[in-house]
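Survey of secondary and tertiary structure
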Amino acid sequence: FGMNESFAGRAGLADFRAQYETYLREISRLHPQAKLVLLAPIAVTDDERRNADIAAYSETIADHAKAGGAVFVDLFNASKTAYATANVPLVSQGIHLNERGSREMGKAVARALVGDDAFARVPTHRVEEIAKAAAQKIIKAGGEVGKNKALQSALKTVNDLSGKVNKWVYEQ
């Protein structure tokens, strides 16, 4: 939320704030035990005027997170920092995260959820093992994969992710 809405500029902030508040209230009503995690939109590259608008919407999301006791993940500032320090492009067309950009923002989300110390202690060599265990849990919960298209799709996704994560781990 926030990226597309930010095209309305600061004039659209009041509407965004009201609509976002309604959305969060409904999510909380439907899932009262859920812990909400609110993500700021990423920055764009080479357009500070757009980034000023995106920053205003990100601040609104941060305010909602604080007021509602949600976790806030500041992808706006994380992306600006990542863009400035990366030696390769992290986006295509100035806005769409590529594989490397997704990896960097994934790290930002993980750090926000578990903290820098816990993130540093993650045994990256175990990620593939964990992905496979998740796939087995899906299979166990749903029965035989061969007869269930949804399980086949989920298993394929887990296997694809496992391969990508494994590749990433060994590239680091």
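Figured I'd write up the structure that's included with this text. Note on numbering: residues in each chain are counted from 1, in written sequence order. Predicted model: local features are reported for residues with pLDDT of at least 70 only, side-chain atom pairs are reported and counted for 80 or more only, and whole-chain, interface and lining totals are derived from all residues. Hydrogens and water molecules were not included; the side-chain quantities draw on all heavy atoms of the structure.

**Here's the deal with the pattern of salt bridges**
Every case where a carboxyl oxygen of Asp or Glu lies within 4 Å of a side-chain nitrogen of Lys or Arg is listed as a salt bridge. Enumeration over the complete set of coordinates arrives at 7 salt bridges. For Arg-25, the salt bridge is made with Glu-21, and the minimal N-O distance between the two is 3.9 Å. Of this pair, Arg-25 and Glu-21 both sit in helix H1 (residues 13-30), 4 residues apart, which is roughly one turn of that helix. For every residue, the accessible area obtained with a 1.4 Å probe (protein chains only) is divided by the maximum for its type, and the residue is called buried under 20%, exposed over 50%, and partly exposed between those limits. Using a relative accessible area of 47% as the deciding quantity, one classes Arg-25 as partly exposed. Only DSSP runs of H or I covering at least 4 residues are called helices, and only runs of E covering at least 2 are called strands; the numbering of each starts at the N terminus.

**Focus on unusual backbone geometry**
Positioned with a positive phi, Asp-46 is a non-glycine residue whose angle comes to about 60 degrees. Note that Asp-46 resides in the loop between strand E1 (37-39) and helix H2 (48-68). One non-glycine residue, Gln-93, lies in positive phi territory at about 55 degrees. Tracing the backbone shows Gln-93 in the loop between strand E3 (91-92) and strand E4 (96-97).

**As for the environment of Ala-110**
Looking at the secondary structure, you find Ala-110 in helix H4 (residues 99-114). Contact between two residues is taken to exist if any of their heavy atoms lie within 4.5 Å; hydrogens are not considered. Not counting chain neighbours up to four residues away, the residues in contact with Ala-110 comprise Gly-115 and Phe-119.

**Brief notes about the nonpolar core**
As used in this record, nonpolar core signifies buried Ala, Val, Leu, Ile, Met, Phe, Trp, Tyr and Cys residues forming a set joined through side-chain atoms within 4.5 Å. Counting 16 residues, the largest nonpolar core has Met-3, Ile-42, Ile-54, Leu-75, Phe-76, Tyr-83 and Met-105 as the members making the most contacts within it. Sorting the residues of this core by element identifies H2, helix H3 (75-85) and H4 as the ones contributing at least two each. The dominant element in this core, judged by the number of residues it contributes, is H3, at 4 residues. Residues in contact with Phe-76, not counting those within four places in the same chain, are Ala-40, Pro-41, Ile-42, Ala-43, Asn-51, Ile-54, Ala-55 and Ser-58.

**Concerning the packing of aromatic side chains**
When the centres of two rings from Phe, Tyr and Trp lie within 6.5 Å, Trp using its six-membered ring, the rings pair. Their planes under 30 degrees apart give stacked, over 60 give edge-to-face, and anything left gives tilted. Taken as a whole and judged by the stated rule, the model has 5 aromatic pairs. Judged by centre distance (4.8 Å) and plane angle (50 degrees), the rings of Phe-1 and Tyr-23 are tilted. In this pair, Phe-1 is assigned in the segment before H1 and Tyr-23 in helix H1, connecting sequence segments 22 residues apart. Judged by relative accessible area, which is 53%, Phe-1 ranks as exposed. Here Phe-16 and Tyr-20 contribute two aromatic rings whose centre-to-centre distance is 5.3 Å and whose plane-to-plane angle is 15 degrees, an arrangement assigned as stacked. Placement of both Phe-16 and Tyr-20 in helix H1 is noted, with a separation of 4 residues, approximately one turn of the helix. Each member of the pair Phe-16 and Tyr-20 is classed as buried. Site record: aromatic cluster; members linked through ring pairs are Phe-1, Phe-16, Tyr-20, Tyr-23 and Tyr-57.

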